[in-house]
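# Summary of the model geometry
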Amino acid sequence: MLYTDTQIKELEEKAKQIRRLIIQMLAQAGSGHPGGSLSATDLITALFFSVLRHNPKEPLWPDRDRFHMSKGHCCPLWYAVLGESGYFSKDKLLTLRQFGSMLQGHPDRRTPGVDVASGSLGQGLSVGLGMSLAAKMDKKDYRVYVLLGDGESQEGNIWEAAMAAAHYKRDNLCAMLDYNGFQIDGKIKDIMNLEPIVAKWQAFGWHTIEIDGHNIKEILTAYEEARSTKGSPSIIVAHTIKGKGVSFMENVLDFHGRAPTKEEAQKALKELE
């Protein structure tokens with residue numbers, strides 16, 4: 001599928017709006033995870049607003065494509081996309097992490113559009129595999145998309161699911177690796193190096209696509225390639241920048257799990273105008 005410059009520009013502007021919402025939510029909450037939410041914004045914006053088959057007015061529509069955020073601590077991104085899509089009123093976004101809110105610090109099913117709770121890292125690819133197998137058993141043609149973190153990918157459960165998905169030839173399953181190079185304790189390469197990450201996924205039997213995770217055209221092309229791949233699951237290895245879009249957050253470990261102050265939020269929103 002060919003995408004026009006206008007379509008790409010619209011998605012870039014949409015991603016910028018999603019980033020603004022993330023900053024506003026986290027500043028209001030006073031806690032949360034901006035770094036990984038901002039790094040994956042372009043991937044998930046393109047997915048929800050150009051690729052995913054879904055219906056905000058019917059969140060449990062049986063034929064919808066499924067999305068699962070395995071790195072659940074980055075749910076401000078998911079909530080912002082769901083609110084912008086119309087799953088609930090966007091004024092709810094400013095209730096993030098409040099007692100009784102349907103938007104908690106890790107996703108659960110009280111939120112419209114969230115099928116499975118997440119936050120315990122390493123489990124999400126298994127969840128996605130289960131969904132993809134269910135599609136086959138139910139003779140449904142929906143696709144399943146799972147967002148993985150790079151620090152999360154140090155966990156063994158990811159690789160067990162990777163083996164099983166390739167064994168069962170789950171070509172309706174697409175994983176996206178938000179490869180921003182940081183985890184809570186520091187740089188990935190210093191804590192538990194993942195390289196050669198592309199060769200690892202290829203060795204596990206996955207169709208592997210490597211892209212710039214902030215280039216909307218590359219992202220859309222990767223999703224199309226994954227959709228057209230038959231006989232094996234696909235993974236998009238997206239090279240991203242932690243805190244992307246806010247200069248003083250980019251590649252700064254402190255913003256892995258620290259919300260911006262009110263003053264920092266104002267500065268960030270000005271950059272994102």
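The structure under discussion appears in the preceding block.
Residues numbered from 1 in each chain as written. Predicted model: local features only at pLDDT ≥ 70, side-chain atom pairs only at ≥ 80, totals over all residues. Heavy atoms only, no water.

### A short note on unusual backbone geometry
- Cis geometry is found at the peptide bond from Glu-195 to Pro-196, where omega equals 0 degrees.
- In this structure, Pro-196 sits in the loop between α7 (188-191) and α8 (197-203).
- A positive phi angle, near 55 degrees, is found at Lys-169, a position not held by glycine.
- Mapped onto the elements, Lys-169 comes out in the loop between α6 (156-167) and β3 (173-179). (Helix = DSSP H or I, 4+ residues; strand = E, 2+ residues; numbered from the N terminus.)

### Structural notes on the nonpolar core
- Core analysis: the biggest nonpolar cluster contains 56 residues, and Phe-67, Met-176 and Tyr-223 have the highest contact counts within it.
- Not counting residues up to four positions away in its chain, the partners in contact with Tyr-223 are Leu-43, Ala-46, Leu-47, Val-51, Tyr-145, Met-176 and Ile-236.
- Residues Met-131, Ala-165, Ala-175 and Ile-235 belong to the second largest nonpolar core, which totals 26 residues. (Core = buried A, V, L, I, M, F, W, Y, C linked by side-chain atoms within 4.5 Å. Buried < 20%, exposed > 50% of the residue type's maximum accessible area, 1.4 Å probe, protein only. Contact = heavy atoms within 4.5 Å.)

### Some thoughts on the state of the cysteines
- Counted under the stated rule, the structure contains zero disulfides.
- Not engaged in a disulfide, the cysteine Cys-74 finds its nearest cysteine sulfur in Cys-75; these two sulfurs lie 7.9 Å apart.
- On the basis of relative accessible area, Cys-74 is assigned to the buried category, the value being 1%.
- A residue is classified by how much of its surface remains accessible, and Cys-75, at 1% relative accessible area, is buried. (Disulfide = S-S within 2.5 Å.)

### Regarding the pairing of strand β6 (residues 207-212)
- Note: β6 against strand β7 (residues 234-239), six bridges, orientation parallel. Opposite Thr-208, over in β7, you have Ile-235 as the bridge partner.
- Taken together, β6, helix α9 (residues 216-228) and β7 form a β-α-β motif whose crossover is right-handed. (Pairing = 2+ DSSP bridges. Right-handed = clockwise from strand over helix to strand, strands pointing away.)

### Describing the pairing of β7
- The buried fraction of β7 is high, at five of six residues.
- The sheet contact formed by β3 and β7 spans six bridges and is parallel. Bridge pairing in β7 links Ala-175 to Ile-235.

### Focus on the side chain of Ser-234
- Structurally, Ser-234 is set in strand β7.
- Looking at Ser-234, the relative accessible area reads 1%, which means it is buried.
- Once you skip the residues sitting within four places of it in the chain, Ser-234 turns out to touch Leu-173, Cys-174, Ala-175, Trp-206, His-207, Ala-226 and Thr-229.

### Some words on the packing of helix α3 (residues 41-51) against α9
- α9 packs onto α3 with a crossing angle of 60 degrees between their chain directions and a minimal axis gap of 10 Å. Classified by the interaxial angle, the pair formed by α3 and α9 is oblique. The handedness of the crossing between α3 and α9 is right-handed. Along the contact surface, α3 presents Asp-42, Leu-43, Ala-46, Leu-47, Ser-50 and Val-51, while α9 presents Ile-216, Ile-219, Leu-220, Tyr-223 and Arg-227.
- Each residue belonging to the contact of α3 with α9 can be placed in one class, and the counts come to eight nonpolar, one polar and two charged. (Axes fitted to C-alpha atoms, helices over the stretch in contact; angles between N-to-C directions. Parallel < 35°, antiparallel > 145°, perpendicular 65-115°, else oblique. Left-handed = near helix turned anticlockwise from the far one by under 90°. Nonpolar A, V, L, I, M, F, W, Y, C, P; charged D, E, K, R; others polar.)

### Side note on the packing of aromatic side chains
- Taken as a whole and judged by the stated rule, the model has seven aromatic pairs.
- Each ring, one from Phe-48 and one from Phe-67, has its centre 5.5 Å from the other, and the planes form 80 degrees; the classification is edge-to-face. A residue pair is termed long-range when its members are at least 10 positions apart, and Phe-48 in helix α3 and Phe-67 in strand β1 (residues 66-69) qualify at 19 residues.
- Assessed through its relative accessible area of 5%, Phe-48 is described here as buried. (Phe/Tyr/Trp six-rings, centres within 6.5 Å; stacked < 30°, edge-to-face > 60°.)

### As for the environment of Ala-80
- The residue Ala-80 is located in helix α4 (residues 75-85) in this model.
- Taking the relative accessible area as the measure of exposure, Ala-80 reaches 0% and is therefore buried.
- Measuring from C-alpha to C-alpha, the distance between Ala-80 and Lys-267 comes to 20 Å, with 187 residues separating the pair along the chain.

### Things to note about the packing of α3 against α4
- Two elements in contact, α3 and α4, have axes whose closest approach is 10 Å; the angle formed by their N-to-C orientations is 30 degrees. Looking at the two axes, α3 sits roughly parallel to α4. Crossing handedness for the pair α3 and α4: right-handed. Only Leu-77, Trp-78, Val-81, Leu-82, Glu-84 and Ser-85 of α4 make contact with α3, whose side of the interface consists of Thr-41, Ile-44, Phe-48 and Phe-49.

### So, the pattern of salt bridges
- With the rule as written, the count across this model stands at 12 salt bridges.
- Residues Glu-84 and Lys-14 are paired through a salt bridge, measuring 3.1 Å at the closest nitrogen-oxygen approach. Of this pair, Glu-84 sits in helix α4 while Lys-14 sits in helix α1 (residues 5-29), and the two are 70 residues apart along the sequence.
- Overall, the relative accessible area of 24% leaves Lys-14 in the partly exposed class.
- What emerges from the salt-bridge pattern is a single network uniting Lys-14, Glu-84 and Lys-90. (Salt bridge = Lys/Arg side-chain N within 4 Å of Asp/Glu carboxyl O.)

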